[in-house]
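Chains, contacts and geometry: an overview
If you want the building blocks of each chain, they are given just below.
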Amino acid sequence: MTTTVTTPSAGVPSVEQDASPGVGQVLRQFAGRQYLLGVLVVLCVAVGIARPSFWGSGNVSNVLFQASFVGLAACGMTLLIAAGLLDLSVGGVIAVASIAVATVLPHTTIGTALLLALAIGAVLGLVNGLLVTYVKIAPFIATLGTLYLFLGAAFIWTSGKVVPITSSNYRGFTTGSVGSVPVPFVVFVVLAVATYLLLQHTYFGRTLRAFGSNERAAVLAGLPVNRTKVLVFVVAGVCFALAGIFMAGRLSSAEGNMATGFEMNVIAAVVVGGTALRGGRGTAFGTVVGALLFAVLNNALNLLGVASYWQYVLTGAVLVAAIAVGARRSSAAEVRGAG
């Protein structure tokens, strides 16, 4: 019996060659995953045509400032949601960290005040992590409770008053610019890159995504789930405090209700950006786009003179539509994978 061996001819590409995607395919895949970037570009162009003042340097700077405050906190929330967790105490952490800065600034250096705020964010995040991980309280309930706890502490600390920030150097640092780009936005971009690297290229990130997808499987695989859970809340707390540092500088003051309801904006930016609410997947680039999208949308509605209550309706509609599109795309991907 003879065995015939067939060799590929020189003109026929091998399987390995077919498997490697071309530049066009890579770009199409990127465009498919980051369709929200196209929405952002179209929105900017449309608003710029309707209101040319949108492209004024002062207005662009204002948009970048607003995106930065949400984005800094959203980087921490991206890690949490990718892990299948949630933190509703954002407003409380921001208030306490900002009040701490405003209180100590007249008596110490800017660097010490910043370190104090970040340390407070880490400690408050640790409280959330311990409650969720070891006391076994659901993240939604635990962080809703600590939100009121932290806000109460902020109001008691200030007796319900506004604490002014008198340091011109601090205000100059937190509201300054690198060229024409605001410092907070530069810090936001750097933090987003760090979030991407942490999520995709570290053992911590792999563990986080693993128990976000299937916590039981991650535990059985011997991954340090509890330790990572606590640590991701600590990291998120530091991100929230960082947002508070720049927000306080922009407002030149701090008070208990300075970020009330802010957690909804943060969660919306993360989810619209493409991070799966059910956990297991996160995208730092999508978070940047989501933060910019909501900042541009709110700014556009103000420029167009839309009443505030209609702004809530339109923002909510964008959020629901983005989540619906993301859900359909995920379902389609699962069907293709099963096929």
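Just above, that's the structure.
One structure accompanies this document, and this report is about it. Everything numeric in this text was worked out from a predicted model, so none of it was measured. (Residues numbered from 1 in each chain as written. Predicted model: local features only at pLDDT ≥ 70, side-chain atom pairs only at ≥ 80, totals over all residues. Heavy atoms only, no water.)

Quick notes on the overall build of the protein chain
A tally of helices and strands in the protein chain yields 15 helices and four strands. Counting over 339 residues, the protein chain shows a buried share of 45%. In the protein chain, of all internal contacts separated by at least 6 residues, the share reaching a separation of at least 24 is 77%. Accessible surface for the protein chain amounts to roughly 16800 Å². Of this, 67% is attributable to carbon and sulfur atoms. (Helix = DSSP H or I, 4+ residues; strand = E, 2+ residues; numbered from the N terminus. Buried < 20%, exposed > 50% of the residue type's maximum accessible area, 1.4 Å probe, protein only. Contact = heavy atoms within 4.5 Å. Areas by Shrake-Rupley, 256 points an atom, 1.4 Å probe, with all protein chains shown as cover.)

Observations regarding the packing of aromatic side chains
One pair of aromatic rings is described through two measures. These are the centre distance and the angle between the planes. According to the stated counting rule, one finds four aromatic pairs in the structure shown. Look at Phe-173 and Phe-246: their rings are 6.1 Å apart centre to centre, the planes differ by 35 degrees, and that puts the pair in the tilted class. Pair noted here: Phe-173 is in helix H8 (residues 168-175) and Phe-246 is in helix H12 (residues 225-251), with a separation of 73 residues, a long-range link. Exposure remark for Phe-173: the relative accessible area of 37% places this residue in the partly exposed category. Note on Phe-185 and Phe-188: the rings are 5.8 Å apart at their centroids and 75 degrees apart in plane angle, and the pair reads as edge-to-face. You can see Phe-185 and its partner Phe-188 sitting in helix H9 (residues 183-200), three residues apart, about one turn around the helix. Taking the relative accessible area as the measure of exposure, Phe-185 reaches 14% and is therefore buried. Judged by its relative accessible area of 0%, Phe-188 is buried. Taking NZ or CZ as reference, Arg-250 lies 3.9 Å from the ring centre of Phe-65, over its face. (Phe/Tyr/Trp six-rings, centres within 6.5 Å; stacked < 30°, edge-to-face > 60°. Lys NZ or Arg CZ within 6 Å of the ring centre and 35° of its normal.)

Let's talk about the pattern of salt bridges
This structure, assessed with the given rule, holds one salt bridge. The residue Lys-229 makes a salt bridge to Glu-215 at a minimum N-O spacing of 3.0 Å. Separated by 14 residues along the polypeptide, Lys-229 in helix H12 and Glu-215 in helix H11 (residues 215-220) bring together distant segments of the chain. For Lys-229, a relative accessible area of 10% corresponds to the buried category. (Salt bridge = Lys/Arg side-chain N within 4 Å of Asp/Glu carboxyl O.)

As for unusual backbone geometry
Negative phi values dominate among residues other than glycine, just as trans dominates among peptide bonds. Even without being glycine, Lys-136 reaches a positive phi, approximately 65 degrees. Take Lys-136: it is sitting in the loop between helix H6 (110-133) and helix H7 (139-158). Phi is positive for Ser-159, which is not a glycine, with a value near 55 degrees. If you trace the backbone, Ser-159 turns up in the loop between H7 and strand E1 (163-164). Look at Ser-159 and you get exposed, because its relative accessible area is 58%.

Any functional reading would require information beyond the geometric quantities listed.
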